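Examining the three-dimensional arrangement
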Amino acid sequence: MDESSWTKQSSKSPRRGALPRAVLATAWLALPGAAAAQQTPAGAPQTPPDATVETPKPENPKAETPPPAPEAKPPAPAAPPVVSAGPEGFTLASADKQFQLKLRGYVQADGRYFASEKDRPAVNTFLVRRARPILDGTLFGLVDFRIMPDFGSGTTTLQDAYVDLRPRPELRLRVGKYKPPSMGLEQLQSDSNIVFVERNLPSNLVPNRDEGIQLHGEIAGGVLTYAVGAFNGTPDDASVDANLDDNVDLAARVFSHPFRRTEWTPLKGLGLGIAGSSGSQHGTPSATGLAPYRTVGQQVFFSYLSSTTAADTVVADGAHLRLSPQAYYYYGGLGLLAEYVTSTQELRRGTDERVRVRNDTWQVQASYVLFGGTPGFEGVRPTHPLRPSEGSWGAVELAARYAELHVDPDAFPRFADPNRSARVAKGWGAAANWYIGGNNRIGLDLEHTTFEGGAANGADKPSELVLFGRFQASF
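A few points on the structure. It should be emphasised that the depicted structure is a prediction, and the values quoted were computed from it without experimental measurement.

What counts as what
Sequence positions are assigned chain by chain, starting from 1 and proceeding in written order. Only residues with pLDDT of 70 or above have their local features reported here, since the model is predicted, and side-chain atom pairs are shown and tallied only from 80 upward, although totals for entire chains, interfaces and linings are computed over all residues. The side-chain quantities take in all heavy atoms of the structure and omit both hydrogens and water. In DSSP terms, a helix is any run of H or I states spanning at least four residues, a strand is any run of E spanning at least two, and both are numbered starting from the N terminus. Residue contacts are defined here by distance: any two heavy atoms, one from each residue, within 4.5 Å place the two residues in contact. Using a 1.4 Å probe, accessible areas were evaluated by the Shrake-Rupley method; residue-level cover was limited to the displayed protein chains. To qualify as a nonpolar core, a set must consist of buried Ala, Val, Leu, Ile, Met, Phe, Trp, Tyr and Cys residues joined through side-chain atoms within 4.5 Å. Under the scheme applied here, a residue whose accessible area is under 20% of the maximum for its type counts as buried, over 50% as exposed, and between as partly exposed, the area being computed with a 1.4 Å probe on protein chains only. Using protein atoms alone on a 1 Å grid, points that fit a 1.4 Å probe yet trap it form a cavity, whereas open point sets bounded by protein on both sides within 12 Å along at least five of seven lines form a pocket; residues with an atom within 4 Å of a point count as lining. Grid points are joined across faces, edges and corners, and a volume is the space filled by probe spheres set on the points. Side-chain classes follow a simple rule in which Ala, Val, Leu, Ile, Met, Phe, Trp, Tyr, Cys and Pro form the nonpolar group, Asp, Glu, Lys and Arg form the charged group, and the remainder, Gly included, forms the polar group. Strand pairing follows a simple DSSP-based rule, namely that at least 2 bridges must link the two strands. Each reported salt bridge corresponds to a side-chain nitrogen of Lys or Arg within 4 Å of a carboxyl oxygen of Asp or Glu.

A short note on the overall build of the protein
- Helix and strand counts for the protein come out as four helices and 24 strands.
- For the protein, the proportion of contacts with a sequence separation of at least 24, taken over those separated by at least 6, is 62%.
- Only carbon and sulfur atoms are counted for the fraction: they give 61% of the accessible area of the protein, which is about 26100 Å².

Structure below.
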């Protein structure tokens, strides 16, 4: 086809002429972009010159906007405390029992009637013998404490106040004021658990309460118990709140229930032990370090010389040793208790007159629960409380005992007046207790004590016959 034909044809078909031109224009415009693509390093992203640059998106689209954090759940509400009340007191405790507070206590309302009209040693009287609220507590399941004041007999006294750290039953540490381990067996019983209204003669030769520190514990589930400690030191039958002479007493006690974990049921209630102390006490004319000895009726029958002048006043001045073998036995309704105590003390009168005296005492007592309960060292607990409408009458117990106390003859006449202080006291007692529920009871106790010496011209001090009555409320 010649040029004229092509020209002629183009003029006739403008669409066919516009298409090549559009293709050429597009190719021409694309040349700069191709050249730029050739200048871009290999592997780099190719972006048209007039394109909008977008921010590259992360490979993990979920990481671009983290999911909303789950809402924190409110802490679970703490378990409510446990509040309980019963014969053993009122208790407030955490649900896990790691923290506890227990309120207990007892009141003893007594009557004393001295039968002798001649030389009556004391007046007949009613009295509140003891009124003791008891606050016990536990902290972190590891530390126990007790606070026990006494508002009885017209006085206010702090009887117990101690802290007991107990990491294990076999190892406990007690610090404060309490009964030391050198106690007699009856003295170790709680005042609310003793069978008779008053303790017997052996309590004259052992301490009441002292302040100190002791290690104690139970081994093999109570087959063996022990206690050993250091204390301020106290005179016989006394309680102190401070160290009076800058000396320390060492005291210890070991007690065993050898058949507790055997199959010999009749012997499981047998307990055998020994207690003692060693120290040195030094008194002054104003604080002699010596206490008088009292009858069960709480009347003084022996005391060391005391005067307004130091030359005629006897004081403790030297070593003081105690030793007390002891035992009890409980089986069925039967209860037996026996103990012996010896106390050795160096004495001084004036500046240079000295003597070493050894006084001793012993007792045996037996009790039997006729019906309604079983006895134990911790007292009698009736099986059912007093409810006559239901045929329940509580528990009834009968008891008897005998005791003697002997003062060293070397104490007379230079350190004790034989016309006023007896050399020997002997006594028997009989009691009946009616437990109406828990440790609440009504009791009657008749006590008779005779003496050797203690009156003018070598005569014997008149005997004492006293009837006790007790109403005890305990919770």
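Observations concerning the nonpolar core
- Formed by 22 residues in total, the largest nonpolar core has its most connected members in Y293, F301, F302, Y304, L347, L405 and V407.
- Broken down by secondary-structure element, the contributors of at least two residues to this core are β13 (300-302), β15 (334-349), β16 (353-371), β21 (395-406) and β22 (422-437).
- Excluding residues that lie within four positions of it along the chain, Y293 makes contacts with N204, L205, D236, Q299, V300, F301, F302, Y304, N359, L405 and V407.

Let's talk about the layout of surface pockets
- Looking at the second largest pocket, its volume works out to about 740 Å³.
- Taken together, 34 residues form the lining of the second largest pocket, with R129, R130, N208, D237 and Q298 sitting closest to its centre.
- The set of elements that each furnish at least two residues to the lining of the second largest pocket consists of β4 (125-139) and β6 (157-168).
- Sorting elements by how many residues they give to the lining of the second largest pocket places β4 first, with four residues.
- Taken together, the residues that form the lining of the second largest pocket break down as seven nonpolar, 13 polar and 14 charged.

Some words on the pairing of strand β10 (residues 249-256)
- By the bridge criterion, eight bridges tie strand β9 (residues 224-231) to β10 in an arrangement that is antiparallel. Bridge assignment links V228 to a residue of β10, and that residue is A252.
- Pairing of β10 with strand β11 (residues 270-282), which is carried by seven bridges, proceeds in the antiparallel orientation. In the strand pairing of β11, V254 is matched with I274.

A look at the pattern of salt bridges
- Tallied over the full model, the rule gives 24 salt bridges.
- Note that R354 and D317 form a salt bridge whose closest N and O atoms lie 2.5 Å from each other. Of the two residues, R354 is situated in strand β16 and D317 in strand β14 (residues 314-331); the sequence distance between them amounts to 37 residues.
- A residue is classified by how much of its surface remains accessible, and D317, at 12% relative accessible area, is buried.
- For E447, the salt bridge is made with R401, and the minimal N-O distance between the two is 2.8 Å. Here E447 is found in strand β23 (residues 440-453), whereas its partner R401 is found in strand β21, with 46 residues between them in sequence.

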